[in-house]
Amino acid sequence: MMASKLGLAGGIPERRVRPIWDAIDSRQFKNALKHCTTLLSKYPNSPYALALKALVLERMGKTEEAFSVCLNAKDLLYTNDSVLIDDLTLSTLQIVFQRLDHLDMATSSYEYACGKFPNNLDLMMGLFNCYVREYSFVKQQQIAIKMYKIVGEERFLLWAVCSIQLQVLCGNGGEKLLLLAEGLLKKHIASHSLHEPEALIVYISLLEQQSKYGDALELLTGKFGSLIMTEVDRLRLQGRLLARGGDYAAAASIFQKVLELRSMCNAKLFGSPDDWECFLHYLGCLLEDDSSFCNGANSDSIYALKPMDSQVSVLTDEAFGSRLSNASSLVQKLLTEANNDTVRCPCLANIEIERRKLLHGIGDADKLLDALVQYFFRFGHLACFASDIEMFLHILDLDKRAQLLEKLMECCESLSTNPRKTLGQHITVFKIQNIVGSMFTLPVNELETTAVKMSQMYCENLPLSKDLDAQESVYGEELLSMACNLLVQLFWRTRHIGYLVESIMILEFGLTIRRHVWQYKILLLHLYSHWNSLPLAYEWYKTLDVKNILLETVSHHIFPQMLASPLWADSTDILRDYLRFMDDHFRESADLTFLAYRHRSYSKVIEFVQFKERLQQSSQYLMAKIEIPMLQLKQKANSIEEGEGILESLKQGIQFLELSDKIGSKSLTFNEELQLRPWWTPTYDKNYLLEPFEGVSYCTGQTLDDQIKQSQAKVVKTIEKRSLLPRMVYLSIQCASSSVKGSVEANGSFFDPKLSLELRLLLDRYANILGFSFQDAVGLAFDISSGLKDAEAWSCNLIDWMNFVVFLNAWNLYSHEVDRDSNTWLLVNLILKKYILDKVRSMGPLESSPGCDLPNLVLLVTEPLAWHIMVIQSCARLLVTSGKKKKKGGPSEHCNVQLSQQVQDSIQSVCETIELVRQWINQQISMSDNEKSENILSSLRQDGEFGPGKVYRVVETLSSSSTIDKDLGDRITRALQSWSPADITRKIITSQRTALSNFLGICDSKIKSLKELKAHL
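Residues numbered from 1 in each chain as written. Predicted model: local features only at pLDDT ≥ 70, side-chain atom pairs only at ≥ 80, totals over all residues. Heavy atoms only, no water.

(A) Main features of the overall build of the protein chain. If you tally the helices and strands in the protein chain, you get 49 helices and two strands. Summarising its shape, the C-alpha atoms of the protein chain cover approximately 105 × 95 × 60 Å along the three principal directions. Counting every position in the protein chain, which comprises 1017 residues, the buried fraction comes to 53%. At a minimum sequence separation of 6, the contacts of the protein chain that also span at least 24 residues come to 73%. As displayed, the protein chain offers around 44,500 Å² of accessible surface, 51% of which is attributable to carbon and sulfur atoms. Here the protein chain contributes 108 positively and 121 negatively charged side chains, and the mean placements of these two sets differ by 6 Å. (Helix = DSSP H or I, 4+ residues; strand = E, 2+ residues; numbered from the N terminus. Buried < 20%, exposed > 50% of the residue type's maximum accessible area, 1.4 Å probe, protein only. Contact = heavy atoms within 4.5 Å. Areas by Shrake-Rupley, 256 points an atom, 1.4 Å probe, with all protein chains shown as cover. Lys, Arg positive; Asp, Glu negative; His and termini not counted. Charge placed at Lys NZ, Arg CZ, Asp CG, Glu CD.)

Following this line, the structure appears as structure tokens:
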């Protein structure tokens, strides 16, 4: 562009523009706006000057004014032929349009400019950028090919090829498009050759997508192979292609060469010699069972199969033995060449060889045990040891596992004089006991003894950490987590609250020593949530400092509990922070994608787009998008006008109804890192502590996998149900309003009968999600209300059933299709009162009733009861209006009198129901804090040989000022002196009181609004 060469910016001398950009960069937006005004006075018809002003206005939060200025600049570009159209002007407009969610206007501006100047490469690249932001893969391909035809540059061809791959991987493009991309590359190679390593990688990936492994190998081993500079990378790629092409012998030879190169210990040239993945590929190819290649692409789940998962080999015993002999020889060579004690791969390889023998039926379990013990001798002190051998343990039977544990314990007693190593080995043995499930088979007394041993070991080894920085991990840190898990198990088995208190005490003790142990915080978070101390759980969650992508993978620890709590302000903060990150990422992800194009990192292009799509289909993201307006609706439910305002902003619930319709066609993703959750709550909807103890069956890998699958299926149904609610609330209000005779004359509006039909269809759909037909669901509701059927029938989906009954009543007010002898007003009032009263009566004092059903009680009051109140309000306001305007004595007045009585009865019933909840809350709050604190602490003061309190006394003794070891150092000593069990109990009580006070405020506001409504009637 000549303008930029002449020192012009958008046709304006650069010296006049620079002060504006300087002010923007320093966030002095008022000064920037003054400079813009000055610039426009001199260049009133400059689109670039207007674009700068729009940018400044947008940064100042004046979005409407910024949009208007942008439109003026765009009109000038379209209508004034004398105006300079350059990429600088258009890119500035694009920034503003994008931030204002009008990217389509930026795209149309670039399309216009490219049409006017068809061979301008800068403008075409700007248009390509717009298509990248819109994820318009077909248009990306078309404009990239145009640029390639103009200048013949390899990068533009690769842009086109990447766009084609994205059409196949992420769009609706068929695999035939890959042939087009292959043809483009072949033609380019014939005329221009290949010059970039990424070009070769793209070409090979294209061939792999078509399963043309032979062609890919020919390309890699030919003259273009030298484009991949690192020999090991080239060989690994070659081995992968050979394996996927079925040439296992050649693939094994290649992987063997990689292992040998890396064992030379020249990490700069060949990378780390500890290449366990490469050995697994080598052995898999050698035995022709390498499923990691045969399975193709990884599953969408983040819980993909581990590399060690393998099929049983189809080789004969003789061939199998011969090949394993070759593998053993290679391992011995690698062991010889490994000249330090940090290389674990050859030792693990020996264990894997013994495992494969067992799988093939020719192995000896004792040899596998010996290999594991030898590995323990060398690496048993490492934190990674247990995870290293976990897969090997699953092949052993119970007797062999017991033998292994016995041998490892003997090793711990006879080995190193190094206290750090000895500590690490003991921790490893505890971890292995947990992996094989032996901790859950121990009697209660042995379990308690083990927990005491763990806490003693932690305290005794604290002097090892005296010189560590506060940020560094304390030696033996994992011992308190393991002791906590045992104490929680003891609570589960015995139902003695003292064990739960103990588990909290030792975690708080550990966090006093070192504040940054995230494992302790996650355990505490779930323990406090279980004990209905959610404000305290939320405080610990905030100390995790969850940011960026961790909001997607970690927030499941607190997200569901907050949605079922009365902490509406905190819940809103969590939802908004999460949605802000997601929305920002979706905007920025396009920038990253285009940056990857510019820097020729084409594999990253596909990675960024696929990652963005994964996040967009996140189950948690969809749930958050639904829950934030639902939370707003619950907060405004006491005022029908404010509630209708929320519904209006949601297009009367239609936008979520559309979302619900799409769920069936979408493949939702589940990105939560569930492996970080405590054992007792493996998924958000499962809590073993709420169930009776049933032994170890829960902790098997298969049980956990099944639980995760059930939970994911439940999430899909939950999203569908929740997305129906706003529309059903809106339709219920409309149907209820139409039931008031004369309401048309009163408010001048007409009710569309189609709305009643739509609510009937949604009720049918809602019932189907709950596993019933509409008629069966209605029948069940009346049977339960009359006592003909057990109320337990609804226990699993209580809130959903309550919602159904509320919406059924609203629909019947207009349609009158439910049996005329059945009073749906009475049905709702009876069932809501019955279940809420049952919940209140089932709960004791919070400080002594961990796991009580407070969350469901909160949901009953803030959802079905709230929707019922909105239905009551919608009838009442029109009854008041029509009563003033309608003449007395007419048939409509008789109907309205009857309806008015039903409304007043419902108000009375709801008030009585909420009053019962208020009385229970006030009773809880009125108890003395000192009395509550004493009740909690007394659970730890148990006499006798067994019972809670022994672990607590271990840490209490250490923290006693008279016995603090002088060898602990100043920092740990000060921490121990600051630890106070009484403070912890006070925090628990204060937290429970805060939650109850919030709930009480919700109840008070509902009763107040109902009393005001009753006064008007």
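(B) Layout of the environment of Cys-114. With respect to the helices and strands, the residue Cys-114 is situated in helix H7 (residues 103–116). Judged by relative accessible area, Cys-114 falls into the buried class, the value being 10%. Residues Cys-114 and Ile-506 lie 392 residues apart in sequence; the distance between their C-alpha atoms is 68 Å. Not counting chain neighbours up to four residues away, the residues in contact with Cys-114 comprise Leu-123, Met-124 and Leu-127.

(C) Representation of the environment of Phe-491. Relative to the helices and strands, Phe-491 resides in helix H26 (residues 477–494). On the basis of relative accessibility, which here comes to 4%, the residue Phe-491 falls in the buried class. Considering only alpha carbons, one finds Phe-491 and Pro-560, 69 residues apart in sequence, at a separation of 23 Å. Phe-491 has contacts with His-496, Ile-497, Tyr-499, Leu-500, His-530, Leu-689 and Pro-850, leaving out every residue within four places of it along the chain.

(D) How the structure looks around the packing of helix H9 (residues 137–151) against helix H10 (residues 154–169). Put simply, H9 and H10 touch, their axes get as near as 8 Å, and they point 160 degrees apart. With respect to each other, H9 and H10 are oriented roughly antiparallel. Along this stretch, H9 crosses H10, giving a crossing that reads as left-handed. In this structure, H9 contributes Phe-137, Val-138, Gln-140, Gln-141, Ala-144, Ile-145, Met-147, Tyr-148 and Val-151 to the contact, and H10 contributes Phe-156, Leu-157, Trp-159, Ala-160, Ser-163, Ile-164, Leu-166 and Gln-167. Looking at side-chain class alone, the contact of H9 with H10 contains 13 nonpolar, four polar and no charged residues. (Axes fitted to C-alpha atoms, helices over the stretch in contact; angles between N-to-C directions. Parallel < 35°, antiparallel > 145°, perpendicular 65-115°, else oblique. Left-handed = near helix turned anticlockwise from the far one by under 90°. Nonpolar A, V, L, I, M, F, W, Y, C, P; charged D, E, K, R; others polar.)

(E) Region of the structure containing helix H41 (residues 798–815). For H41, with 18 residues, the first-to-last C-alpha span of 25 Å sits near the 26 Å given by 1.5 Å per residue. Positive backbone phi, at 55 degrees, marks His-816, one or two positions downstream of H41. (Expected span 1.5 Å × (residues − 1).)

(F) Layout of the nonpolar core. Tyr-458, Trp-794, Phe-804 and Leu-854 are the most contacted members of the largest nonpolar core, which has 200 residues in total. Looking at which element gives the most residues to this core, the answer is H41, with 12 residues. Contact partners of Trp-794, with chain neighbours within four places excluded, come to Leu-780, Ala-781, Ile-784, Trp-801, Met-802, Val-805, Ile-831 and Tyr-835. Judged by nonpolar contacts, the second largest core, of 149 residues, contains Leu-39, Met-147, Ile-228 and Ala-251. (Core = buried A, V, L, I, M, F, W, Y, C linked by side-chain atoms within 4.5 Å.)

(G) Broad picture of the pattern of salt bridges. Enumeration according to the criterion identifies 50 salt bridges in this entry. Between Glu-720 and Arg-765 there is a salt bridge, and its shortest N-O distance comes to 3.4 Å. Of this pair, Glu-720 sits in helix H37 (residues 701–738) while Arg-765 is found in helix H39 (residues 753–769), placing the two residues 45 residues apart along the sequence. A cluster of three or more residues bridged by salt bridges with shared partners is formed by Arg-236, Arg-262, Asp-275 and Glu-277. (Salt bridge = Lys/Arg side-chain N within 4 Å of Asp/Glu carboxyl O.)

(H) Up close: the packing of aromatic side chains. Taken as a whole, this structure holds 31 aromatic pairs when the rule is applied. Ring geometry for Tyr-375 versus Phe-385: centroids 5.2 Å apart, planes at 25 degrees, classification stacked. Taken as a pair, Tyr-375 in helix H21 (residues 365–379) and Phe-385 in helix H22 (residues 385–393) lie far apart in primary sequence, 10 residues in all. The two residues Tyr-375 and Phe-385 agree in class, both being buried. Between the aromatic rings of Phe-774 and Phe-804, the centroid separation amounts to 6.2 Å while the plane-to-plane angle is 65 degrees, which identifies the pairing as edge-to-face. Taken together, the positions of Phe-774 in helix H40 (residues 774–785) and Phe-804 in helix H41 put the pair 30 residues apart, joining distant regions of the chain. Comparing Phe-774 with Phe-804, the two get one shared label, buried. In textbook terms, an aromatic cluster arises when at least three aromatic residues are bridged by ring pairs, as seen for Phe-772, Phe-774, Trp-794, Trp-801, Phe-804, Trp-811 and Tyr-835. (Phe/Tyr/Trp six-rings, centres within 6.5 Å; stacked < 30°, edge-to-face > 60°.)

(I) Representation of the side chain of His-557 in the model. Its place among the elements puts His-557 in the loop between helix H30 (550–553) and helix H31 (559–563). Exposure remark for His-557: the relative accessible area of 0% places this residue in the buried category. What His-557 contacts, discounting residues up to four positions off in sequence, is Ile-522, Leu-525, His-526, Leu-676 and Arg-677.

(J) Region of interest: the packing of helix H3 (residues 29–42) against helix H4 (residues 47–59). It is at 9 Å that the axes of H3 and H4 come closest, and there the two elements cross at 160 degrees. Taken together, H3 and H4 sit at an angle that is classed as roughly antiparallel. Crossing geometry of H3 relative to H4 is assigned as left-handed. Contacts between H3 and H4 involve Phe-29, Ala-32, Leu-33, Cys-36, Leu-39 and Leu-40 from the first element and Ala-49, Leu-50, Leu-52, Lys-53, Val-56, Leu-57 and Arg-59 from the second. Broken down by class, the residue content of the contact of H3 with H4 amounts to 11 nonpolar, no polar and two charged.

(K) Layout of helix H46 (residues 929–938). Those residues of H46 that sit buried are Lys-932, Ser-933, Ile-936 and Leu-937. On an axial view of H46, the arc spanned by its buried residues comes to 130 degrees, and they lie on one face. Backbone nitrogen of Asn-930 and a side-chain oxygen of the N-cap are separated by 3.2 Å at the start of H46; the cap is Ser-928. (Arc of directions from axis to C-beta. Polar contact = N/O pair within 3.5 Å; in protein donor to acceptor, adjacent residues only side chain to side chain.)

(L) Structural view of unusual backbone geometry. Notably, Asp-101 is not glycine yet its phi reads approximately 60 degrees, a positive angle. Phi at Asn-532 is positive, roughly 55 degrees, even though this residue is not glycine. With respect to the helices and strands, Asn-532 occurs in the loop between helix H28 (518–530) and helix H29 (534–543). When its relative accessible area of 7% is taken as the criterion, Asn-532 is described as buried.

(M) Examining a nonpolar patch on the surface more closely. A grouping of Ile-549, Leu-550 and Phe-611 is seen on the molecular surface, where their side chains present a nonpolar patch of about 220 Å² in accessible area. Inspection of the secondary structure assignment puts Leu-550 in helix H30. (Patch = residues over 30% accessible without salt bridge, like charges linked within 9 Å, V, L, I, M, F, W, Y side chains within 5 Å.)

(N) Geometry of the environment of Thr-824. Tracing the backbone shows Thr-824 in helix H42 (residues 824–842). Given the relative accessible area of 3%, Thr-824 is considered buried. With 11 residues separating them along the chain, Thr-824 and Leu-813 place their C-alpha atoms 8.3 Å apart. What Thr-824 contacts, discounting residues up to four positions off in sequence, is Phe-782, Asn-809, Asn-812 and Val-818. In terms of polar contacts, Thr-824 uses its side chain to reach the side chain of Asn-809, at 2.7 Å. Within the structure, Thr-824 has its side chain in polar contact with the side chain of Asn-812 (distance 3.4 Å).

(O) Representation of the confidence of the model for the protein chain in the model. Averaged over all residues, the pLDDT of the protein chain equals 88, while 91% of them reach at least 70. Between residues 744–748, whose pLDDT stays under 50, and residues either more than four places distant or in other chains, the model counts eight contacts. (pLDDT = per-residue confidence, 0-100.)

(P) The arrangement of the state of the cysteines in detail. Counting across every chain of the model gives zero disulfides. Of the cysteine sulfurs around Cys-459, a residue in no disulfide, the closest is that of Cys-484, at 15 Å. Between Cys-852, a cysteine without a disulfide, and Cys-1003, which holds the nearest cysteine sulfur, the sulfur-to-sulfur distance is 15 Å. (Disulfide = S-S within 2.5 Å.)

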